[in-house]
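# Close look at the chain arrangement
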Amino acid sequence: MPSFNMKYTLAFLVSFFSILQIMAQKKLPILKANSSKAIFIEEDNGLKTDWNIDPSLKPDIYTVSRMVNSSKIIKVKTDIDSLRITIKKGEKKDFIILLKGKDSCMTRIECAPSKDFSSVKPAFHDTIRMGINEQNTMFVKAALNKTDSLTLNFDTGSSNLSLTQEALQNKIKQSLKSGVNILSLGNKKYQDFRIYKVELTGHGTDGRFGWDLFDGMVVELNYDLGNMIVHSQLPEKVRKDKAYEKLNLTFYDKLFFVETTIQQGAVKNKDWFLFDTGYQRTVMLDGPLLREQKFPTDKMKVIKKVMMRGAKGNEIPVVTANLETLSLGKYSLNNIPAQLLSESRPVNDKKMNILGNEILKRFNVFLDFQTNTVYIKPNTLFNEGYIEKQ
């Protein structure tokens, strides 16, 4: 009977030669590691993901966030080595993490192919009645699994479907099963989404759904007519109407951002702001981030000051201050009562400023999730006064 040491030696040799065989067959890149922890960094948007190296998964798959350009570079860092991999839309790239010189960890980076409904026949233009209340919550009527009627907030700052505890207890009459639920909006049915429980959602709603429900489609938000219209392709009239301003989108994880310019005095600052219809106020400015960018937040006239509680129960001063100008492309708004945070509230380690629905409702909007662009045009709310209670 072989000794324990001999068994260990044989197992090591089998693992070692297996690694050599994989290398010989596929000539895969090898990344060395002594620790089971690694970091994936998407260089186009700075997204960092902590990664647990697991030899039992073959392959262990990292899925990149939504791609705007034709390709992106992913940097993988271990405690002793690093690797940069370029990936294109729809591609998969394999490599090996060699853990402690003996464990072969097959790892894959993949980018899901883009969705695009522009060639669907017949084309669809599905109209859904849309309301907006005094708190700037945009809402539509929906049905879950054909039986449960819900009032939902379309929240572009979120993804999937989230329902309040009250809605789950009092309005959902059947058990929910992951991956097989159907949400009916207008004449269309949507599935392949996850359902989460949340404590808070927009005023007067049972929950919220995110932009990714319409991935590969075009969503029109027409506040003048009170309609949300889901299109299979961007209407030609939008391209021809010079009043529409075309803005590019960028993505960070599952969030999308639009380039925004703010100005105070002679100082201008251009940056990517989260496009968030679920945020009911005008704009949330990250004070520490803006100070890093040399924006004169100290020159903004204070309108009022309140305290809010952070995740650890700590008090965070929130100042409502006058922002002189905010511009989206060629369109500008002046003297905006903006929330100015004294402490950053990062999402996945990213500091960010947020555009809320008190700003966004002033435009009729086309969100094109085929070309990653947004078209905006001032509507009848453009010159409406701002809600005082910030």
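Residues numbered from 1 in each chain as written. Predicted model: local features only at pLDDT ≥ 70, side-chain atom pairs only at ≥ 80, totals over all residues. Heavy atoms only, no water.

### As for the side chain of Asn-160
Along the chain, Asn-160 falls in the loop between strand 12 (148-154) and strand 13 (161-164). On the accessibility criterion, Asn-160 (8% relative accessible area) is buried. Once residues within four sequence positions are removed from consideration, Asn-160 is found in contact with Phe-193, Arg-194, Tyr-196, Arg-208, Phe-209, Gly-210, Asp-212 and Lys-254. (Helix = DSSP H or I, 4+ residues; strand = E, 2+ residues; numbered from the N terminus. Buried < 20%, exposed > 50% of the residue type's maximum accessible area, 1.4 Å probe, protein only. Contact = heavy atoms within 4.5 Å.)

### Concerning the sheet that holds strand 7 (residues 92-99)
One open sheet holds the 4 strands; their spatial order is 1-7-8-4, and the pairing between them is mixed. With partners counted over all chains shown, the strands left at the sheet margins are strand 1 (30-33) and strand 4 (60-63), one partner each. Taking the axes of each pair of neighbouring strands and ignoring which way they run, one obtains an average angle of 30° across the sheet. (Pairing = 2+ DSSP bridges. Axes fitted to C-alpha atoms, helices over the stretch in contact; angles between N-to-C directions.)

### A short note on the pairing of strand 4
With burial as the criterion, only one face of strand 4 is covered, namely that bearing Asp-60 and Tyr-62; the residues Ile-61 and Thr-63 on the opposite face remain uncovered. In the sheet, strand 4 pairs with strand 8 (residues 103-110) via 4 bridges, with the strands oriented parallel. Bridge assignment links Thr-63 to a residue of strand 8, and that residue is Glu-110.

### Overview of the sheet that holds strand 2 (residues 37-42)
Pairing is antiparallel across the open sheet formed by 4 strands, whose spatial order is 3-2-5-6. At either end of the open sheet lies a strand with only one pairing partner, and these are strand 3 (48-52) and strand 6 (82-88). Neighbour-to-neighbour, the strand axes of the sheet open up by a mean angle of 25°, direction not taken into account. In the sheet, strand 2 pairs with strand 3 via 5 bridges, with the strands oriented antiparallel. Counterpart to Ile-39 in the pairing with strand 3 is Asp-50.

### Observations concerning the environment of Ile-96
Of note, Ile-96 is situated in strand 7. Owing to a relative accessible area of 0%, Ile-96 belongs among the buried residues under this scheme. Sequence-wise, Ile-96 and Pro-59 are 37 residues apart; in three dimensions their C-alpha atoms are separated by 9.4 Å.

### Some words on the side chain of Arg-66
Following the sequence through the fold, Arg-66 ends up in the loop between strand 4 and strand 5 (71-77). A polar side-chain atom of Arg-66 sits 2.5 Å from a polar atom in the side chain of Asp-215. (Polar contact = N/O pair within 3.5 Å; in protein donor to acceptor, adjacent residues only side chain to side chain.)

### Considerations on unusual backbone geometry
Residue Pro-59 is bonded to the preceding Lys-58 through a cis peptide linkage, with omega at 5°. Within the secondary structure, Pro-59 is located in the loop between strand 3 and strand 4. With omega at -10°, the peptide bond leading from Lys-121 into Pro-122 counts as cis. Along the chain, the position of Pro-122 falls in the loop between strand 8 and strand 9 (125-129). Its identity is not glycine, yet Asn-145 carries a phi of approximately 55°, on the positive side. One can find Asn-145 in the loop between strand 11 (138-144) and strand 12. Under the relative-accessibility criterion, Asn-145 is labelled buried at 14%. Even without glycine at this site, Asn-335 takes up a positive phi of about 50°. Assignment of secondary structure puts Asn-335 in strand 26 (residues 331-341).

### Examining the pattern of salt bridges
This structure, assessed with the given rule, holds 16 salt bridges. For Lys-361, the salt bridge is made with Glu-358, and the minimal N-O distance between the two is 3.1 Å. For the pair Lys-361 and Glu-358, one class covers both residues: buried. The residue Glu-384 makes a salt bridge to Lys-361 at a minimum N-O spacing of 3.2 Å. Taken as a pair, Glu-384 in the segment after strand 29 (373-378) and Lys-361 in the loop between helix 5 (357-360) and strand 28 (363-368) lie far apart in primary sequence, 23 residues in all. Overlapping salt bridges, with partners in common, bring together Glu-358, Lys-361, Arg-362 and Glu-384 in one network. (Salt bridge = Lys/Arg side-chain N within 4 Å of Asp/Glu carboxyl O.)

### Here we look at the packing of aromatic side chains
Two aromatic rings are characterised by how far apart their centres lie and by the angle between their planes. Scanning all chains against the criterion turns up 17 aromatic pairs. With a centroid separation of 6.5 Å and an interplanar angle of 65°, the aromatic rings of Phe-117 and Phe-124 are classed as edge-to-face. Assessed through its relative accessible area of 15%, Phe-124 is described here as buried. Between Trp-211 and Phe-251 the ring centres are 5.3 Å apart and the planes differ by 55°, which places this aromatic pair in the tilted class. Of the two residues, Trp-211 is situated in the loop between strand 17 (207-209) and strand 18 (218-222) and Phe-251 in strand 20 (residues 245-252); the sequence distance between them amounts to 40 residues. For Trp-211, a relative accessible area of 5% puts it in the buried group. Ring-pair connections join several aromatic residues into one group, and the members of that group are Trp-211, Phe-251, Phe-256, Phe-275 and Phe-369. (Phe/Tyr/Trp six-rings, centres within 6.5 Å; stacked < 30°, edge-to-face > 60°.)

### Digging into the environment of Phe-209
Relative to the elements of secondary structure, Phe-209 occurs in strand 17. Since its relative accessible area comes to 0%, Phe-209 is described here as buried. For Phe-209, the residues in contact, after removing those within four places along its chain, are Val-140, Leu-152, Asn-153, Phe-154, Asp-155, Ser-158, Asn-160, Leu-161, Leu-185, Phe-214 and Met-228.

### Considerations on the confidence of the model for the protein
The predicted model of the protein averages 90 in pLDDT, with 91% of residues at 70 or higher. Below pLDDT 50 for its whole length, residues 10-17 participates in 3 contacts with residues either more than four positions away or in separate chains. In the model, residues 19-25 has pLDDT below 50 throughout and makes 10 contacts with residues more than four positions away in sequence or in other chains. (pLDDT = per-residue confidence, 0-100.)

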